[in-house]
Amino acid sequence: MTTDTDAGNAAEQDAFDALIAAEQRIEPRDWMPDAYRRTLIRQISQHAHSEIIGMQPEGNWITRAPSLKRKAILMAKVQDEAGHGLYLYSAAQTLGIGRDEMTEQLIAGRAKYSSIFNYPTPTWADMGAIGWLVDGAAICNQVPLCRASYGPYGRAMVRICKEESFHQRQGFEILLALMQGSPAQREMAQDAVDRWYWPSLMMFGPPDDRSPNSAQSMAWKIKRFSNDELRQRFIGMLVPQAEVLGVSLPDPELRWDAGAGRWHMSEIDWTEFHEVLAGRGPMNSERLRARREAHEGGAWVREAAAEYARKRALRRPAVAEAFEGAA
Ligand code: FAQ
């Protein structure tokens with residue numbers, strides 16, 4: 001027996017499927033399947049947390065940047081990351097989850113954020129390697145997300161990608177300056193590339209045959225390419241740039257396999273990836289501790305903002321009345 005509700009849901013599902021098939025955007029006002037909503041909340045909130053936690057590895061060098069110009073650039077970059085976090089939290093909020101709830105999940109250690117931000121930044125060259133490799137990987141992954149089927153996410157990604165491409169170039173330029181410097185500077189740059197290369201490949205997520213979410217996310221046109229496809233694309237971008245820099249990529253197996261039409265590479269250490277995801281990476285506890293402390297330290301700002309908003313709301317009718325009285 002078909003009930004009115006079933007018929008209603010089927011009609012809504014059909015309308016949703018038709019929008020996806022026609023490459024149209026799903027907007028917050030539109031009906032969407034619960035699983036689509038949950039997937040978006042999962043991915044967008046993890047993405048937002050990544051941007052916010054991702055401020056820490058570079059924040060570590062703001063006070064020690066080697067010149068005023070480098071310091072100003074690094075500060076601007078870290079501020080951009082805060083902005084990206086805010087656009088993404090706002091996009092997630094359009095799906096019905098609150099900002100407080102997402103923050104609570106993060107500081108309680110229940111939310112995921114990108115594995116990449118659990119590695120340390122011991123030298124200035126790490127700023128170059130993060131820009132070149134981490135922002136580079138972020139661009140490869142995120143440019144297709146500009147076409148994500150959910151409107152607020154896709155639109156947020158457009159601006160984010162523009163800023164990420166500046167970030168990637170500034171990282172490349174830091175490494176280029178070091179590679180044109182003294183032997184010690186060249187060694188520092190190579191060492192940073194050696195440490196960040198493999199974790200940056202892990203950013204794209206598990207291999208396709210072990211990626212539980214990919215098939216459905218691609219059917220919904222949230223993801224447009226698989227994890228392995230994007231990883232391949234990233235390597236193709238890095239190889240010529242590494243030549244210009246004069247750095248080597250730390251994989252002796254890396255070569256273009258013309259027959260297979262793909263990069264042949266060594267196996268990624270997925271045990272390391274899963275250890276980091278389980279909270280046992282080199283900097284996981286430090287990153288969460290710093291985030292928790294920043295949240296607690298900012299409590300007075302939130303209280304003051306709430307009180308200001310309360311007083312303004314109280315004042316508004318009075319202001320309106322005063323104007324009416326004067327008229
Ligand atoms: N780290 O089935 P899949 C940036 C999880 S922003 C941690 O393949 P999916 C800017 C995944 O969540 C970097 N967890 O999942 C910047 C899932 O767990 P769940 C962040 C990971 O969603 C630069 C499970 O493994 N970018 O860098 C990771 O289809 C410099 C199974 O995986 C984004 O978030 C990982 N690397 O594909 C900031 C982009 N990989 O939730 C500061 C948007 C996978 O089922 C400085 N996100 N997992 O428990 C995406 O494109 C996708 O979510 C993927 C994962 C590709 C990350």
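Everything numeric in this text was worked out from a predicted model, so none of it was measured.

**Q** Account for the packing of helix α2 (residues 34-53) against helix α4 (residues 68-93), naming residues and giving values.
**A** The geometry of α2 relative to α4 is characterised by a closest axis approach of 8 Å and an angle of 160° between their N-to-C directions. Regarding the angle of α2 to α4, the classification is roughly antiparallel. Here the hand of the crossing between α2 and α4 comes out left-handed. Judged by residue contacts, Ile44, His47, Ala48, His49, Glu51 and Ile52 of α2 engage Glu81, Ala82, His84, Gly85, Leu88, Tyr89, Ala91 and Ala92 from α4. Split by residue class, the contact of α2 with α4 holds eight nonpolar, four polar and two charged.

**Q** Quick rundown of the site of the ligand? Include the residues and the values.
**A** Of all residues adjacent to the ligand, which total 35 residues, the nearest are Gln46, Lys112, Ser211, Lys223 and Asn227. Arg42 places a side-chain nitrogen or oxygen 3.0 Å from an oxygen atom of the ligand. One nitrogen or oxygen atom from the main chain of Ser115 is found 2.8 Å from a nitrogen atom belonging to the ligand. Its atoms largely coinciding with the cavity grid, the ligand occupies the largest pocket. Secondary structure elements with two or more residues in the shell around the ligand: α2, α4, α6 (125-142), α7 (151-179) and α11 (270-280). With six residues, the single largest contributor to the shell around the ligand is α2. The class makeup of the residues in the shell around the ligand is 13 nonpolar, 13 polar and nine charged.

**Q** Quick rundown of empty space enclosed by the protein? Include the residues and the values.
**A** Enumeration over the complete set of coordinates arrives at one cavity of 30 Å³ or more. In this structure, the largest cavity encloses a volume near 40 Å³. In terms of lining residues, the largest cavity is bounded by Arg70, Ile73, Leu74, Trp124, Gln170, Glu173 and Ile174. Taken together, the residues of the lining of the largest cavity sort by class into four nonpolar, one polar and two charged.

**Q** Tell me about the packing of helix α8 (residues 183-202) against helix α10 (residues 227-245), residues and numbers included.
**A** Put simply, α8 and α10 touch, their axes get as near as 10 Å, and they point 145° apart. Between α8 and α10, the residues in contact are Tyr197, Ser200, Leu201 and Met202 and Arg231, Phe234, Ile235 and Leu238, respectively. The residue makeup of the contact of α8 with α10, split by class, is six nonpolar, one polar and one charged.

**Q** Describe the packing of aromatic side chains, with residues and values.
**A** Applying the stated criterion across every chain, the model contains nine aromatic pairs. Aromatic side chains Phe16 and Tyr36 sit 4.9 Å apart centroid to centroid with 75° between the ring planes, which places their arrangement in the edge-to-face category. Of this pair, Phe16 sits in helix α1 (residues 4-21) while Tyr36 sits in helix α2, and the two are 20 residues apart along the sequence. Accessibility assignment for this pair places Phe16 and Tyr36 in one class, buried. Ring-pair connections join several aromatic residues into one group, and the members of that group are Phe16, Trp31, Tyr36 and Trp220. For the cation-ring pair, Arg64 lies above Trp61, with the distance from its terminal atom to the ring centre recorded as 4.0 Å. The side chain of Arg233 reaches across the aromatic face of Phe225, ending 4.2 Å from its centre.

**Q** Lay out the pattern of salt bridges with the relevant residues and their values.
**A** One side chain can pair with another of opposite charge once the charged atoms of both are near each other. Considering all chains together, one arrives at 19 salt bridges under this definition. When the shortest N-O distance is used, the salt bridge between Lys221 and Glu23 registers 2.9 Å. With Lys221 in the loop between α9 (214-219) and α10 and Glu23 in the loop between α1 and α2, the pair connects residues that are 198 residues apart, well separated along the chain. Taking the relative accessible area as the measure of exposure, Lys221 reaches 19% and is therefore buried. Given a relative accessible area of 46%, Glu23 falls into the partly exposed group. Across the pair Arg289 and Glu293 runs a salt bridge, and its minimum N-O distance is 2.5 Å.

**Q** Explain the layout of surface pockets residue by residue, including any values.
**A** Of the volumes computed, that of the largest pocket is approximately 1,100 Å³. Where the lining of the largest pocket is concerned, the elements lending two or more residues are α2, α4, α6, α7, α10 and α11. With seven residues, α6 is the single largest residue contributor to the lining of the largest pocket. Tallied by class, the residues present in the lining of the largest pocket amount to 20 nonpolar, 15 polar and eleven charged. Roughly 490 Å³ of volume is contained in the second largest pocket. Every residue lining the second largest pocket is counted, 17 residues in all, and those nearest its centre are Ile52, Met55, Arg99, Arg291 and Ala294. Among the elements of the structure, α3 (55-59), α4, α5 (99-107) and α12 (284-297) are those that each provide at least two residues to the lining of the second largest pocket. Among the elements that line the lining of the second largest pocket, the one with the most residues is α12, at five residues. Residue composition of the lining of the second largest pocket, grouped by class: eight nonpolar, four polar and five charged.

**Q** Break down α12 for me, citing the residues and quoting the values.
**A** Taking 1.5 Å as the rise per residue, α12 with 14 residues should run 20 Å; its terminal C-alpha atoms sit 20 Å apart, in good agreement. Buried within α12 are the following residues: Asn284, Arg287, Leu288 and Arg291. All buried residues of α12 fall inside an arc of 90° around its axis, so they share one side. Those residues of α12 that are exposed and aimed more than 90 degrees away from the buried face are Ser285 and Glu296. Buried residues along α12 sit in contact with α2, α3, α5 and α11.

Reading guide: rules and limits
- Residues numbered from 1 in each chain as written.
- Predicted model: local features only at pLDDT ≥ 70, side-chain atom pairs only at ≥ 80, totals over all residues.
- Heavy atoms only, no water.
- Axes fitted to C-alpha atoms, helices over the stretch in contact; angles between N-to-C directions.
- Helix = DSSP H or I, 4+ residues; strand = E, 2+ residues; numbered from the N terminus.
- Parallel < 35°, antiparallel > 145°, perpendicular 65-115°, else oblique.
- Left-handed = near helix turned anticlockwise from the far one by under 90°.
- Contact = heavy atoms within 4.5 Å.
- Nonpolar A, V, L, I, M, F, W, Y, C, P; charged D, E, K, R; others polar.
- Near = heavy atom within 4 Å.
- Polar contact = N/O pair within 3.5 Å; in protein donor to acceptor, adjacent residues only side chain to side chain.
- 1 Å grid on protein atoms, 1.4 Å probe; cavity = no way out; pocket = protein on both sides within 12 Å on 5 of 7 lines; lining within 4 Å.
- Sits in = over half its atoms within 2 Å of the grid points.
- Points joined across faces, edges and corners; volume = space filled by probe spheres on them.
- Phe/Tyr/Trp six-rings, centres within 6.5 Å; stacked < 30°, edge-to-face > 60°.
- Buried < 20%, exposed > 50% of the residue type's maximum accessible area, 1.4 Å probe, protein only.
- Lys NZ or Arg CZ within 6 Å of the ring centre and 35° of its normal.
- Salt bridge = Lys/Arg side-chain N within 4 Å of Asp/Glu carboxyl O.
- Expected span 1.5 Å × (residues − 1).
- Arc of directions from axis to C-beta.

Interpretation note: all reported values are geometric properties and have no functional meaning in isolation.
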